[in-house]
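Per-entry structural report
The residues making up each chain are set out below.
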Amino acid sequence: MAADQQAAIPVERVLQTLRAAMSHVHAERAPAEAALRSWEADAAPGFLHGLMLIVQQFNSIDEPTRLLAVVVAKNAVGSSWRKTLGTREWSRVPDEEKAAVRMAVLHLLLSDPSDRVALQLGLLASNICAFDFPARWPDILQNLLGAADWASPFAPQFKLRALRSLKHIFKGFTTKRFVAEPIQSRAPGLGIASLTERLQQERQLYRQQLKACAAPLQCLLSAHLPAFLNPSSTQQQQQQNAAANQGVQVGWQVRCV
């Protein structure tokens, strides 16, 4: 049965399966892991969206479960979003679900309290960009650049996350390929010449988007990265004084990965 004819997997079932996959009891873990692999391979409707809904619930779901959810989502996008690039196969994940995942990833990158979860979200964003940038996710680079700007309202840890995510995305672009949709999904009357023209347009848009980001990114790094990595001497002194008075270490430190 085609994926678009199947009922969406309830998020409660996805959550129960994730928790079973973390069990120390083999009889519980093995079938749960098999179910996750099957949903990933079949691009089961509702699976990716359910995983992202689980990641979003940081007030009610423990970090290990949320971390596993985003790792599974990252792997599912990498394998079933368009499957192997060489086969030129599109994923059967509905476009509406893909859009919901993209929206959730950007929101969580700039709000999730867990740095471990955020790291995997950045890698997930990179996987998505390999397929959906620039045609289906044209504003992701500008959104992250805006969030990383020192003048943005985000806290320093989220600014740094945005920079790290850009790093992962640009690294992923080194292996990006432009592929045509399979014949069965093409619009009627869409010939080779039209497909070629559309791919050329996407390549041109891709180059334009990267060129538009180059100067702002270089300016951002040269102007503001030292402030991320090396707080001012005044701020350091204030932190040291507070630590001495309270007997505890305060302040924030960041380390690039």
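Up top is the structure.
A brief report on the enclosed structure follows. Since the structure is predicted, the reported quantities are computational estimates derived from the model, not experimental observations.

Attention now moves to the packing of helix 7 (residues 140–148) against helix 8 (residues 156–173). Interhelical geometry of helix 7 versus helix 8 gives an angle of 150 degrees and a closest axis separation of 8 Å. In terms of orientation, helix 7 and helix 8 fall into the roughly antiparallel class. The two elements helix 7 and helix 8 meet at a crossing, and its hand is left-handed. Two secondary-structure elements touch here, helix 7 through I140, L141, L144, L145, A147 and A148 and helix 8 through K159, A162, L163, S165, L166, I169, F170 and F173. Each residue belonging to the contact of helix 7 with helix 8 can be placed in one class, and the counts come to 12 nonpolar, 1 polar and 1 charged.

This brings us to the packing of aromatic side chains. Counted according to the given criterion, the structure contains 5 aromatic pairs. For the ring pair F133 and F173, a centre distance of 5.2 Å and an interplane angle of 25 degrees mean the geometry is stacked. Of this pair, F133 sits in the loop between helix 6 (115–132) and helix 7 while F173 sits in helix 8; the two residues are 40 residues apart in sequence, bridging distant segments of the chain. The buried category is assigned to F133, whose relative accessible area is 0%. Seen in terms of ring centroids, F133 and Y206 are 6.0 Å apart; in terms of plane orientation they differ by 70 degrees. Their pairing is edge-to-face.

On to helix 5 (residues 95–109). Helix length check: helix 5, at 15 residues, gives a terminal C-alpha distance of 21 Å against a target of 21 Å (1.5 Å per residue), a fit within 8%. Within helix 5 the residues assigned to the buried category are E97, K98, V101, R102, A104, V105, L106, L108 and L109. Buried residues in helix 5 make contact with helix 3 (47–56), helix 6, helix 7 and helix 8.

The next point concerns the environment of V72. Here V72 lies in helix 4 (residues 63–80). Put simply, V72 and E40 are 32 residues apart on the chain and 8.4 Å apart in space, counted from C-alpha to C-alpha. Excluding its chain neighbours within four sequence positions, the residues that come into contact with V72 are L18, F47 and L51.

Residues F133 and P134 are joined by a peptide bond in cis, for which omega reads 5 degrees. As for its position among the elements, P134 is in the loop between helix 6 and helix 7. A positive phi angle, near 50 degrees, is found at A43, a position not held by glycine. For A43, the position within the fold is in the loop between helix 2 (26–42) and helix 3. Judged by its relative accessible area of 6%, A43 falls in the buried class.

The next subject is the packing of helix 6 against helix 8. Close contact between helix 6 and helix 8 brings their axes to 8 Å; oriented N to C, the two are set at 35 degrees. Note on packing geometry: the crossing formed by helix 6 with helix 8 is right-handed. Every residue of helix 8 that contacts helix 6 at D115, A118, L119, G122, L123, A125, S126 and C129 is listed here: Q157, R161, S165, H168, I169, G172 and F173.

Rules behind the numbers
Every chain begins its residue count from 1, and numbering advances along the sequence as written. Residues qualify for local features only when their pLDDT is at least 70, as the model is predicted, and side-chain atom pairs are given and counted only at 80 or more; totals for whole chains, interfaces and linings, by contrast, use all residues. Where side-chain values are given, they derive from all heavy atoms of the structure, hydrogens and water being excluded. Note on geometry: axes are C-alpha line fits, over the in-contact stretch for helices, and angles between N-to-C directions span 0 to 180 degrees. To qualify as a helix, a DSSP run of H or I must reach at least 4 residues; to qualify as a strand, a run of E must reach at least 2; elements of each kind are numbered from the N terminus. Throughout, the term roughly parallel applies to angles under 35 degrees, roughly antiparallel to angles over 145, roughly perpendicular to angles from 65 to 115, and oblique to all others. Handedness of each helix crossing follows the sense of rotation of the near helix against the far helix: counterclockwise by less than a right angle gives left-handed, clockwise gives right-handed. What makes two residues a contact is simply this: any of their non-hydrogen atoms within 4.5 Å. Under this grouping Gly is polar, as are all residues other than the nonpolar Ala, Val, Leu, Ile, Met, Phe, Trp, Tyr, Cys and Pro and the charged Asp, Glu, Lys and Arg. Working definition: rings of Phe, Tyr and Trp (its six-membered ring) pair if their centres are within 6.5 Å, and the pair is stacked with planes under 30 degrees apart, edge-to-face with planes over 60 apart, and tilted otherwise. Each residue is assigned to one of three classes by its accessible area relative to the maximum for its type, calculated with a 1.4 Å probe on protein chains only: buried under 20%, partly exposed between the two thresholds, exposed over 50%. Given a helix with a known number of residues, its expected span is that number minus one, times 1.5 Å.

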